[in-house]
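Coordinate inspection notes
Residues per chain are reported as follows:
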Amino acid sequence: MKKYLFVFFLVSTYLLAQDTTVSEAFKHSKKEDYSPVRTKYVSYTLLTSYILVQEANKSDPFAQHELGLRYLLGKGFPADTVKAIYWIRKAVDQNLPFANYNYAILLYNGIGVPWNPFDAFYHFKKAADAGLPDAQFAMGIFYTDNLVVNRDYKKAYYYFKSSADAGYEQAKKAINELKRIGFVPTDSMGNDTKVAKNIDLTAPLIDVGWDLDFYNFQKDSATVNDSSIEILSTKDKNDLLKYLGINDSLNVINLSDTTITGIIDYTAKSGSPEALLLKARAIEKGRIYNKDLVMAAAYYLRSLRLGANKAAQYLIKMIQNKLFYNLLKSQVKQNNPDAMYVWAGLTALGLDYQLTNQQALEFLVKASKMNHIPSLLELGLCYYSGQLVKQDKKQAFYYWEMAADLGSIEASVRIAFANILQRTETNTEYRHEENSDLMKDLYTLQKAANQGSVLAQSALAYCYEKGIGFKENKAYAVKLYRLSAQRGSEAAYNSLKRMYDEIRPNDEIFKIYN
């Protein structure tokens, strides 16, 4: 499949990550808090600081764990992550399950220790095998993730079932998700599994709000069908914002138009693949927008470029109708820039062979002269990557700056990220300096990410990963890459997998085969 015109940035959110003891590893979309597990021996929580320290120094693991938590949470002692790790680790060394679980949380989130999901896996497993329901649930998620260990539904079910039997509500929901995709075990161990004939083994197991989830780019979060398009009729516009990848509520975002179309247009302009796909579907169906098949195709292409592969299915179905090409050719003759952009895009994706590559490029050039933003963006990408034309980054910036001047947030994001990549390559000190240009570019990325840009989200992840403008924070980079991947960004997923592979131990259990 030819993809030379529609080129993605190599790697292609928000605010500074905060040091928190809430487990970000297993947070559901409902934003439930997972606080560190406290010991069953509540008497330790009533002890004075002096007595607690005495007991901890006597090697009592429960006291050591409690003391570590107090340092971690700043309760009764000044908050001190170093001392917290020291005492929790002391309890870990004595195989206290609660300590193993909490230490795993710290490892997974890089709090006080280097980010290491593999070591976290071992500690979660120790706590799970000791019967801790929270840890059993965590293990179930690991076996659906396919990043730390191979995906294994039987093992996932076993751990979810153990956790659910102990009353852990999220594990019960996870079991329901397994059943939803057709996994029906005949016993609590997940053995002798009966699999429905129509099971979709690539379907997301857990709601995309889970941080530990696996990704299939045919079923990303930017999915709209004839039933989910009903979100256009939602009475709660904050639900719509959440669906479109916006972090803030309407009372925070300064929108001049708070109608449904205003919200969709705002997020689509910002680079939300969910918004672009939803708008494409609405335009194709004539819902809240005037029906226009060529314009719908243009939005499908733009959504696909940003990772919403579901858009390809709708696009292919649309172009199979011969009347569509009659309409497309007619509008090209009328110099409709959307039509020229669509035909060039279909050629680039290998969905149409009526044009040569050169003719497709000429369509983009012609549409760009009409200030057609999507075409300007594509020409910039062609020059940046050297596809179809001789590589010329100055020319790429020329087209992106034109698009940015016309109000394209995506163009501003691409310029900002390209600046960051270029400057860090030529100036090793740049990433550590309080450089005004760097701060300006980072602000552009943060603002766009908060407005729904998946590209900006991935770019910020890269900055956190490499310590560019921020203190290096691998765990937060992983979080942002995950969010982008869950929204359909395959580039973000590849970056996420790369981060895991870079520190993957040589142990057989951590080898990924599928």
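This structure is a prediction, so every number in the text was calculated from the model and none was measured.

Some details on the overall build of the protein chain
In terms of helices and strands, the protein chain carries 24 helices and 2 strands. Here the protein chain, with 514 residues, has 55% of them falling under the buried criterion. Split by element, the accessible area of the protein chain, about 22800 Å² in all, is 50% carbon and sulfur.

Focus on the packing of helix α12 (residues 273–285) against helix α14 (residues 310–319)
In the contact formed by α12 and α14, the axes pass within 10 Å of each other and the chain directions differ by 25°. By the criterion of interaxial angle, the relationship of α12 to α14 is roughly parallel. As for the relative orientation of α12 and α14, their crossing is left-handed in sense. Contact residues: α12 offers Leu277, Arg281 and Glu284, while α14 offers Lys310, Ala311, Tyr314 and Met318.

Looking at the pattern of salt bridges
For the coordinates displayed, the defined rule picks out 21 salt bridges. Of the charged contacts in the structure, one is a salt bridge between glutamate 410 and arginine 414, with a shortest N-O distance of 3.0 Å. Of this pair, glutamate 410 and arginine 414 both sit in helix α20 (residues 409–426), 4 residues apart, which is roughly one turn of the helix. Relative accessible area serves as the criterion here: at 9%, glutamate 410 is assigned to the buried category. Of the charged contacts in the structure, one is a salt bridge between aspartate 441 and arginine 423, with a shortest N-O distance of 2.9 Å. Taken together, the positions of aspartate 441 in helix α21 (residues 436–450) and arginine 423 in helix α20 put the pair 18 residues apart, joining distant regions of the chain. Its relative accessible area of 8% is what places aspartate 441 among the buried residues. Look at the salt bridges and you will find they share partners, linking Arg305, Glu378, Glu410 and Arg414 into a network.

Some points on the confidence of the model for the protein chain
Detailed conclusions should not be drawn from predicted coordinates in areas where pLDDT is low. Summarising the model, the protein chain shows a mean pLDDT of 80, and 78% of its residues fall at 70 or more. Averaged pLDDT values for the elements of the protein chain fall to 44 in strand β2 (residues 194–195) and rise to 96 in helix α19 (residues 393–405). In this model residues 192–227 is a low-confidence stretch, pLDDT under 50, and it forms 124 contacts with partners more than four residues away in sequence or in other chains.

Some details on the packing of aromatic side chains
Considering all chains together, one arrives at 27 aromatic pairs under this definition. Relative to phenylalanine 142, the ring of phenylalanine 121 lies with its centre 5.5 Å away and its plane at 85°, an arrangement referred to as edge-to-face. Here phenylalanine 121, found in helix α6 (residues 117–129), pairs with phenylalanine 142, found in helix α7 (residues 133–145); they are 21 residues apart in sequence, far enough to count as distant. Each member of the pair, phenylalanine 121 together with phenylalanine 142, is buried. Positioned over the ring face of tyrosine 384 is lysine 393, at 4.9 Å from the centre of the ring.

Thoughts on α7
Given 3.6 residues per helical turn, the α-helix brings residues three or four places apart onto the same face. With 13 residues, α7 extends 19 Å between its outermost C-alpha atoms, agreeing within 8% with the 18 Å of an ideal straight helix rising 1.5 Å per residue. Among the residues trailing α7, asparagine 146 stands out with phi positive, at a value near 65°.

A short note on the environment of serine 256
Take serine 256: it is sitting in the loop between α10 (237–243) and α11 (260–270). On a C-alpha basis, the gap between serine 256 and tyrosine 266 in space is 9.7 Å, while along the polypeptide they are 10 residues apart.

Procedures and definitions
- Counting from 1, residues in each chain are numbered in the order their sequence is written.
- This being a predicted model, a pLDDT of at least 70 is required before a residue's local features are given, and a value of 80 or more before pairs of side-chain atoms are given or counted; all residues contribute to the totals for chains, interfaces and linings.
- The side-chain numbers reported here are obtained from all heavy atoms of the structure, hydrogens and water having been left aside.
- Secondary structure follows DSSP: runs of H or I at least 4 residues long count as helices, runs of E at least 2 residues long count as strands, and numbering of each begins at the N terminus.
- Each residue is assigned to one of three classes by its accessible area relative to the maximum for its type, calculated with a 1.4 Å probe on protein chains only: buried under 20%, partly exposed between the two thresholds, exposed over 50%.
- Note that accessible areas follow from Shrake-Rupley with a 1.4 Å probe, and for residues the cover is restricted to the protein chains shown.
- Axis geometry follows a simple rule: fit a line to the C-alpha atoms, using only the stretch in contact for helices, then measure angles between N-to-C directions, giving values from 0 to 180 degrees.
- Relative orientations are named as follows: roughly parallel for angles under 35 degrees, roughly antiparallel for angles over 145 degrees, roughly perpendicular for angles from 65 to 115 degrees, and oblique for any other angle.
- Handedness of a crossing follows from how the near helix is turned relative to the far one, being left-handed for an anticlockwise turn of less than a right angle and right-handed for a clockwise one.
- By definition in these notes, contact holds between two residues if any of their heavy atoms fall within 4.5 Å.
- In the sections that follow, a salt bridge refers to a side-chain nitrogen of Lys or Arg positioned within 4 Å of a carboxyl oxygen of Asp or Glu.
- pLDDT is defined as a per-residue confidence score from the predictor, taking values between 0 and 100.
- Stacked, tilted and edge-to-face are the three classes assigned to paired rings of Phe, Tyr and Trp, where Trp is represented by its six-membered ring and a pair needs centres within 6.5 Å; plane angles under 30 degrees give stacked, over 60 edge-to-face, the rest tilted.
- A positively charged side chain is recorded as over a ring if its NZ (Lys) or CZ (Arg) lies within 6 Å of the ring centre. The angle to the ring normal must also be within 35 degrees.
- Helix span is expected to be 1.5 Å times the residue number reduced by one.

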